[in-house]
Structures are given as C-alpha cells and as structure tokens.
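The primary structure of each chain is shown beneath.
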Amino acid sequence: MNWQKIWLVIRHEYLTNFRRPSFLFTAFGVPVFSLGAMFLLTQFIVNRETNLDDWQRIAYIDRAHMVDDSLDLGDCDCDYTAIMAAEDAA
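So, here is what we can say about the structure in this document. (Residues numbered from 1 in each chain as written. Predicted model: local features only at pLDDT ≥ 70, side-chain atom pairs only at ≥ 80, totals over all residues. Heavy atoms only, no water.)

### Examining the overall build of the protein chain
Now for step 1: A tally of regular secondary structure across the protein chain gives two helices and two strands.
Now for step 2: If you list the helices and strands of the protein chain from N to C, you get α-α-β-β.
Now for step 3: Per-residue burial over the protein chain gives 4% buried out of 90 residues.
Now for step 4: Restricting to contacts in the protein chain with at least 6 residues of sequence separation, those with at least 24 account for 12%. (Helix = DSSP H or I, 4+ residues; strand = E, 2+ residues; numbered from the N terminus. Buried < 20%, exposed > 50% of the residue type's maximum accessible area, 1.4 Å probe, protein only. Contact = heavy atoms within 4.5 Å.)

### Digging into helix 2 (residues 21-48)
Now for step 1: Taking 1.5 Å per residue, 28 residues should reach 40 Å; helix 2 reaches 38 Å between its end C-alpha atoms and fits that length.
Now for step 2: At G29, helix 2 shows its maximal kink, close to 35 degrees; a proline, P31, follows between one and four residues later. (Expected span 1.5 Å × (residues − 1). Bend = angle between axes of the 7 residues up to and from the residue.)

### Considerations on the packing of aromatic side chains
Now for step 1: Taken as a whole, this structure holds two aromatic pairs when the rule is applied.
Now for step 2: Ring centres 6.5 Å apart and planes at 55 degrees place the aromatic pair Y14 and F18 in the tilted group. Remark: F18 and Y14 occur in helix 1 (residues 3-18); sequence separation between them is four residues, near one turn of the helix.
Now for step 3: Residue class for Y14 comes out partly exposed when judged on its relative accessible area of 45%. (Phe/Tyr/Trp six-rings, centres within 6.5 Å; stacked < 30°, edge-to-face > 60°.)

### Side note on helix 1
Now for step 1: Compared with an ideal rise of 1.5 Å per residue, which puts 16 residues at 22 Å, helix 1 spans 21 Å between its outermost C-alpha atoms and is within 8% of the ideal.
Now for step 2: The N-cap residue of helix 1 is N2: its side-chain oxygen and the backbone nitrogen of Q4 are 3.2 Å apart. (Polar contact = N/O pair within 3.5 Å; in protein donor to acceptor, adjacent residues only side chain to side chain.)

Honestly, it's all geometry; don't read function into it.
Shown next, in the form of structure tokens:
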C-alpha cells in the first residue's frame, strides 16, 4: 500500500469536504442546536408542572350512587365534593 496516495486522498477530502461551511454546520451546529432544543423543552416542561400537594380539594364522580357522604379520608385535611355527573364537574 502506498502511503503517499493515502495522504493524497486524505488531503483531497479535507480540502473539498471538511472545510465547507455546510459540513461544519452539520458536524457541529446541528448537535449544539439539538442539545439547546432539548434543554429548552426540558425547562418548559419543568416550569409547567404543578405541585399537587398544594391542592386541598378532592372531587369524585359517582354515577352509580355507590359512595355516600361518610367517605373516610383518614388524617387528610382536605375538602371533598361528590359529583353525580361528569357534566357537573366543570
């Protein structure tokens, strides 16, 4: 194998492909853009989460009228509301 020809091919590839702006953007810009997009989406999702521990109202829909008003909540300091139809929930 002739090393002179191998270096000639490597030099040609470097001068024709690696120095083009489109190759540099694809090799370095796209991964940076992808990481930035993932970071921003993660921050957006984290900021939109709600803390359910702060909510104190519990509602349940009892279409079959199986649950009565003596619902045992244990030591939870919560209010609960019986809703007989899903349309009444809003």
